[in-house]
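# Fold and contact review
Below are the chains, spelled out letter by letter.
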Amino acid sequence: MNHIVKTGETLTQISRDYRVPLQTIIRANPSINPNVIYPGQPIVIPGFPSPDTLPYQIDISVNNRTLKLLRNGTLQKQYPIAVGRMVSETPVGNFIIINKAPNPGGPYGTMWMSLSKQGYGIHGTNDPGSIGKAVSKGCIRMYNRDVEELSRTIPIGTPVYIHQ
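First, a word on scope: everything that follows refers to the structure included in this document. Predicted model, so just to flag it, every value in this text is computed and none were measured.

What follows covers the pattern of salt bridges. Counting across every chain of the model gives 3 salt bridges. The salt bridge partner of glutamate 9 is lysine 6, with a shortest N-O separation of 3.9 Å. With relative accessibility at 17%, the residue glutamate 9 sits in the buried group. Exposure remark for lysine 6: the relative accessible area of 35% places this residue in the partly exposed category. Here lysine 77 ties to glutamate 149 by a salt bridge, and the two come within 2.9 Å at their closest N and O atoms. Of the two residues, lysine 77 is situated in strand β5 (residues 74-80) and glutamate 149 in helix α3 (residues 144-153); the sequence distance between them amounts to 72 residues. Residue classification places lysine 77 among the partly exposed residues on the basis of a relative accessible area of 36%. Looking at glutamate 149, the relative accessible area reads 25%, which means it is partly exposed.

With that settled, consider α3. Within the span of α3, buried status applies to Asp146, Val147, Leu150 and Ser151. Around the axis of α3, the buried residues are gathered within 130° of arc, so they sit on the same side. Pointing more than 90 degrees away from the buried face of α3 are the exposed residues Arg145 and Arg152. Residues of α3 that are buried sit in contact with β3 (56-61), β4 (66-71), β5, β7 (93-102), β8 (111-115) and β9 (121-123).

With that settled, the discussion passes to the packing of aromatic side chains. Counted by the stated rule, this structure contains 2 aromatic pairs. Relative to phenylalanine 48, the ring of tyrosine 18 lies with its centre 6.1 Å away and its plane at 55°, an arrangement referred to as tilted. Of this pair, tyrosine 18 sits in helix α1 (residues 11-18) while phenylalanine 48 sits in the loop between β2 (42-44) and β3, and the two are 30 residues apart along the sequence. Comparing tyrosine 18 with phenylalanine 48 shows no difference in burial state: the two are buried. Consider the rings of tyrosine 108 and tryptophan 112, whose centres lie 5.3 Å apart with planes at 80°: the pair is edge-to-face.

About the cut-offs
Residues numbered from 1 in each chain as written. Predicted model: local features only at pLDDT ≥ 70, side-chain atom pairs only at ≥ 80, totals over all residues. Heavy atoms only, no water. Salt bridge = Lys/Arg side-chain N within 4 Å of Asp/Glu carboxyl O. Buried < 20%, exposed > 50% of the residue type's maximum accessible area, 1.4 Å probe, protein only. Helix = DSSP H or I, 4+ residues; strand = E, 2+ residues; numbered from the N terminus. Arc of directions from axis to C-beta. Contact = heavy atoms within 4.5 Å. Phe/Tyr/Trp six-rings, centres within 6.5 Å; stacked < 30°, edge-to-face > 60°.

Read these as geometric descriptors, not functional statements.
Okay, here's the thing in structure tokens:
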């Protein structure tokens, strides 16, 4: 899988975001200078499938508070979500699902799926009344039954596009 470097990113931060050791990323990219990366540069992230080999994509609209599951570009299902509040906005950009953790406990409900941005994920909730609102600390919050269904459907590596 390739990550395209964004302005201000470092290899150390990219390694944290994908939970892949820095040395593993450096070994997978022998032609790059780890001290000099630039916006637009592709970095190979080992251990994840290429997104174009996967049938599913997730499209999240922060403003509409919706998560759309697409299969080969065709809408399969749309879910209501909660998003980050003004002081802790949901990050916009292109990410992937890097892992899944059932029953994380507390406010995360019955399922947690990490995004390739450290500290952010798609998860359930112990407060179903919050769905449809801008109340989270930046994560995408779903009804437990919805996040469980989504988790059963999509593989690790599924692309996630978050936009306003």
